[in-house]
Amino acid sequence: MTIVSFDDVLKLKQTCNEKFKEHVHFHDACGGQYFSLETDSDEIRNFIKDFMLNMNYKVIFDKSGMSFTLEDI
């Protein structure tokens, strides 16, 4: 699991809010970082995958598709 800078977190959160009105939750704990969504949407998930790919991260969604982590490419 990759540790993401707060600058990159803010870019993702701001862009998703502007484009989809989606609040992306960022969770940072001793075990690592992960993100969660409020809306179950393939469109949002695909956007996040492409957006983060441009920042050299691979998005790994859990089985529900509502939480994800990032890995360096």
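Every value quoted in this text rests on a predicted model; they were computed, and no experiment measured them.

Undergrad: Would you mind showing me how to read the nonpolar core here?
TA: Buried together is how nonpolar side chains tend to be arranged in soluble globular proteins. Grouped together as the largest cluster of nonpolar side chains are 20 residues, with contacts concentrated most on Leu12, Leu37, Ile48, Met52, Phe68 and Leu70. For this core, the secondary-structure elements that each account for two or more residues are helix 1 (6-20), helix 2 (42-53), strand 3 (57-61) and strand 4 (67-72). Among the elements that take part in this core, helix 2 stands out by supplying 5 residues, more than any other. Setting aside chain neighbours within four positions, we find Leu37 in contact with Glu22, His23, Val24, Ile44, Arg45, Ile48, Phe61, Gly65, Met66 and Phe68.

Undergrad: Quick question: what am I supposed to make of the sheet that holds strand 2 (residues 32-36) here?
TA: As a general point, the strands of a sheet are linked pairwise by backbone hydrogen bonds and lie either parallel or antiparallel. Here 4 strands make up an open sheet; going across it, the order is 1-2-4-3 and the pairing antiparallel. Lying at the two open borders of the sheet, with one neighbouring strand each, are strand 1 (25-29) and strand 3. Each neighbouring strand pair of the sheet contributes to a mean axis angle of 30°, computed without reference to strand direction. Where strand 1 lies against strand 2, 5 bridges are found, and the strand directions are antiparallel. Paired with His25 across the strands is Ser36, a residue of strand 2. The strands touched by helix 1 are strand 1, strand 2, strand 3 and strand 4; relative to strand 1, the strand with the most contacts, the crossing angle is about 160°. Contacts from helix 2 reach strand 3 and strand 4, with the element oriented near 155° to strand 3.

Undergrad: Please clarify how the environment of Leu12 should be interpreted in this entry.
TA: One can find Leu12 in helix 1. Assessed through its relative accessible area of 0%, Leu12 is described here as buried. Leu12 sits 54 residues away from Met66 along the chain, and the two C-alpha atoms are 15 Å apart. Setting aside anything within four residues of it in sequence, one finds Leu12 in contact with Val24, Phe35, Ile48, Phe51, Met52 and Phe68.

Undergrad: Quick question: what am I supposed to make of the pattern of salt bridges here?
TA: Close approach of charged atoms lets side chains of opposite charge pair. Tallied over the entire structure, the rule returns 3 salt bridges. With its nearest N and O atoms 2.8 Å apart, the salt bridge here joins Asp40 to Arg45. The exposed category is assigned to Asp40, whose relative accessible area is 56%. Where Arg45 meets Asp42, a salt bridge forms, and the shortest distance between an N and an O atom there is 2.7 Å. Of the two residues, Arg45 and Asp42 are both situated in helix 2; the distance of 3 residues between them amounts to about one turn of the helix. Its relative accessible area of 12% is what places Arg45 among the buried residues.

The rules behind these values
- Residues numbered from 1 in each chain as written.
- Predicted model: local features only at pLDDT ≥ 70, side-chain atom pairs only at ≥ 80, totals over all residues.
- Heavy atoms only, no water.
- Core = buried A, V, L, I, M, F, W, Y, C linked by side-chain atoms within 4.5 Å.
- Buried < 20%, exposed > 50% of the residue type's maximum accessible area, 1.4 Å probe, protein only.
- Helix = DSSP H or I, 4+ residues; strand = E, 2+ residues; numbered from the N terminus.
- Contact = heavy atoms within 4.5 Å.
- Pairing = 2+ DSSP bridges.
- Axes fitted to C-alpha atoms, helices over the stretch in contact; angles between N-to-C directions.
- Salt bridge = Lys/Arg side-chain N within 4 Å of Asp/Glu carboxyl O.

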